Amino acid sequence: MTQKQILVVEDEEDIQELLRYNLTKEGYQVNCVGSGEAGLQEARKMFPDLLILDLMLPEMNGLEVCRQLKSDSKTHPIPIIMLTAKGEESDIVLGLEMGADDYVTKPFSIQVFLSRVRAVLRRGQETESTESDILNFADLQIHLGKHEVRVKEELVKLTYTEFMILEFLSRRPGWVFTRGQIVDAVRGDGYAITDRAVDFQIVGLRKKLGAVSKYIETVRGVGYRFADA
Ligand code: CA
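Residues numbered from 1 in each chain as written. Predicted model: local features only at pLDDT ≥ 70, side-chain atom pairs only at ≥ 80, totals over all residues. Heavy atoms only, no water.

So, on to the overall build of the chain. Broken down by element type, the chain carries 8 helices and 12 strands. The C-alpha atoms of the chain give 19 Å as radius of gyration, which agrees with the globular expectation for 229 residues (17 Å, within 12%). A principal-axis box enclosing the C-alpha atoms of the chain has dimensions of 55 × 35 × 30 Å. The buried share of the chain, taken over its 229 residues, is 47%. Restricting to contacts in the chain with at least 6 residues of sequence separation, those with at least 24 account for 58%. Of the roughly 12,000 Å² of accessible surface on the chain, 49% is carried by carbon and sulfur atoms. Each charge class in the chain was averaged separately, 29 positive and 36 negative side chains, and the resulting centres sit 5 Å apart. (Helix = DSSP H or I, 4+ residues; strand = E, 2+ residues; numbered from the N terminus. Rg over C-alpha atoms; globule rule 2.2 N^0.38 Å. Buried < 20%, exposed > 50% of the residue type's maximum accessible area, 1.4 Å probe, protein only. Contact = heavy atoms within 4.5 Å. Areas by Shrake-Rupley, 256 points an atom, 1.4 Å probe, with all protein chains shown as cover. Lys, Arg positive; Asp, Glu negative; His and termini not counted. Charge placed at Lys NZ, Arg CZ, Asp CG, Glu CD.)

The structure is reproduced here in structure tokens:
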């Protein structure tokens, strides 16, 4: 197997070194740059398997780097994990909606960081053909064809929109989705819903899921995630 290449764009030298040390130890090939401009150039040159992108960078910030890479069809497929600070929730939302895959808030534990890295790299290898008719979680089954949901074998009646939201989130356990992404995913057939309506739908969904409502996790200030515990 070839070594995965990771590009780190981070201007704080101690964090850059911490990431370089730990990612190298994990067997990745690591390149580090300290500015958004250099990150953009390097990403276009090396097409890394993963980009670790700090949002607070001198001159060109991380969001702008993300926007430029995700709006170019050549660099669009490069997965991005954003490094953010507490209180940057609105930037996280923007970044996710531009196509970033995940984020880690500083200060972070290196173990948490590495597990996110592994998860995002794994996603890249997943093929669309893992499509099955039923999504199975411990006490929750989601029958895609029949639009049926069972909790501990019991049939649970969901509305169309509730089902679509549950299906969308549960197809990608662990991913965080913003309200805007959820709206885009479940829109169609005249079922247009708004950001605020997503929250409302989630309340209803959790109520109906009862014991397994824990699967739908709120990510404060950002959105929701299906937590496959
Ligand atoms: Ca920074």
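Around the calcium ion, the protein contributes the donor atoms D11 (OD), E12 (OE), D54 (OD) and M56 (O), which lie 2.1 to 2.9 Å from the metal centre. Note on D54: relative accessible area 2%, which makes it buried. (Donors = N, O, S within 2.8 Å, 3.2 Å for Na, K, Ca; no water.)

With that settled, the discussion passes to the domain arrangement of the chain. Many structure descriptions define interface size as the accessible area lost when the parts assemble. For the chain, the assigned domains read domain 1 (5–124) and domain 2 (131–226). Computed over C-alpha atoms, the centres of domain 1 and domain 2 are 28 Å apart. With 9 residues of domain 1 in contact, the opposing surface of domain 2 contributes 11 residues. Carbon and sulfur atoms supply 57% of the area that domain 1 and domain 2 bury against each other, a total of about 820 Å² over both sides. Where domain 1 touches domain 2, the interface holds 0 salt bridges. Taken together, the connections running from domain 1 to domain 2 amount to 3 residue pairs in polar contact (both at pLDDT 80 or more). A per-class count over the side of domain 1 that touches domain 2 returns 4 nonpolar, no polar and 5 charged. (Domains from an automatic or database assignment. Buried area = accessible area lost by both parts, 1.4 Å probe. Salt bridge = Lys/Arg side-chain N within 4 Å of Asp/Glu carboxyl O. Polar contact = N/O pair within 3.5 Å; in protein donor to acceptor, adjacent residues only side chain to side chain. Nonpolar A, V, L, I, M, F, W, Y, C, P; charged D, E, K, R; others polar.)

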